[in-house]
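This is what each chain is made of:
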Amino acid sequence: MARLLLEAGAVQVSHDRPFVLAAGWASPVYVDCRRLLGMPHLRAGAIALALDYLRQRFGAAPPFDAVAGGETAGIPWASWIADRLGLPLLYVRKRPLGIGRHAQVEGGAPEGSRVLLVDDLATDAASKVAFAQGLRTAGMRLSDALVLFHNRAFPGWDARLEHLGLSLHALASWDDVLRPEAGETLLSPADRDVIERFLRDPAGWSADHGGRRAPMTPPR
Ligand SMILES: O=P(O)(O)OC[C@H]1O[C@H](OP(=O)(O)OP(=O)(O)O)[C@H](O)[C@@H]1O
Ligand SMILES: O=C(O)c1cc(=O)[nH]c(=O)[nH]1
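What counts and how
Residues numbered from 1 in each chain as written. Chains lettered and ligands numbered in written order. Predicted model: local features only at pLDDT ≥ 70, side-chain atom pairs only at ≥ 80, totals over all residues. Heavy atoms only, no water. Near = heavy atom within 4 Å. Polar contact = N/O pair within 3.5 Å; in protein donor to acceptor, adjacent residues only side chain to side chain. Helix = DSSP H or I, 4+ residues; strand = E, 2+ residues; numbered from the N terminus. Pairing = 2+ DSSP bridges. Right-handed = clockwise from strand over helix to strand, strands pointing away. Axes fitted to C-alpha atoms, helices over the stretch in contact; angles between N-to-C directions. Contact = heavy atoms within 4.5 Å.

> Would you mind going over the site of ligand 1 with me for this structure?
Taken together, 15 residues are adjacent to ligand 1, and Lys 94, Asp 119, Asp 120, Thr 123 and Ser 127 come closest. A distance of 2.6 Å separates an oxygen atom of ligand 1 from a polar side-chain atom of Asp 119. Here an oxygen atom of ligand 1 sits 2.6 Å away from a polar atom, N or O, in the main chain of Thr 123. Counting only elements with at least two residues in the shell around ligand 1, the list comes to strand 8 (114–122) and helix 4 (126–137). A per-element tally of the shell around ligand 1 places strand 8 first, with 4 residues.

Structural data, given as structure tokens:
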């Protein structure tokens, strides 16, 4: 998976202005999994890896009745995975729509369905809290989530997932991206150096560059 992300140019390093992430962390690197959407051969590789992972982890018939995509970037991946597994598809908004049915969850699956939540990425899992609450409020059973990439750099994600009772499965993380086999020539030495220096103290890097210093507490 790391190689696919590198080939897609999804690992984007800024040498001047930091990226600000959804939870308010500042980071010199942004993993834009959305790049894969426009590259059919790479995205097919990512879908195949997701299906292989699910089969290896859960067996030939993964124990889910439906697949739910997290708004926005999780929805295409959930769609392809649901299609390949022959399962119903749902999608879950970050918050209820506020008009019409005020729905947060859309699509079809009976109440009590065991749902696999799919998103492109996780950082500190704050979005997963919103998605999990939405799905559970809609009567779905949720214990597992799958992402293409987990940016485990910042503190707080593990406590948040434990609080939520959610197992997060990731196809890649920083160790995989930095491993030479992922594609030594696909990451310039300068970019690699920026990422390695950032990973020594991500929260400190964030605080020094105008971002959050510590995770949100209590976990939510
Ligand atoms: O909060 P976490 O669980 O750690 O995950 C990080 C979230 O950030 C991105 O979404 P973002 O809201 O930036 O954009 P999107 O609407 O394109 O999905 C990504 O798709 C994850 O949903
Ligand atoms: O946490 C985020 O907002 C985030 C981080 C990242 O590397 N990529 C992304 O799409 N979102």
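> Sorry if this is basic, but what is going on with the pairing of strand 10 (residues 167–170) here?
Regular strands place their side chains on alternate faces of the sheet. Taken together, the 4 bridges between strand 9 (residues 141–150) and strand 10 define a ladder with parallel strand orientation. For Asp 144, the partnering residue across the bridge sits in strand 10 and is Ser 167. Between the parallel elements strand 9 and strand 10, the chain passes through helix 5 (residues 157–164) in a crossover that is right-handed.

> Got a minute to help me understand the sheet that holds strand 5 (residues 66–70) in this structure?
Strand pairing in a sheet takes place through backbone hydrogen bonds and is either antiparallel or parallel in direction. As summarised here, the arrangement of the 6 strands in space is 7-6-5-8-9-10, forming an open sheet in which the pairing is mixed. A strand with exactly one partner marks an edge of an open sheet, and here the two such strands are strand 7 (105–107) and strand 10. The mean inter-strand angle of the sheet, taken between neighbouring strand axes irrespective of direction, is 30°. Where strand 8 lies against strand 9, 8 bridges are found, and the strand directions are parallel. Paired with Leu 121 across the bridge in strand 9 is Phe 149. Relative to strand 8, helix 4 is tilted by about 160°, and along the sheet it contacts strand 5, strand 6 (89–92), strand 7, strand 8 and strand 9.

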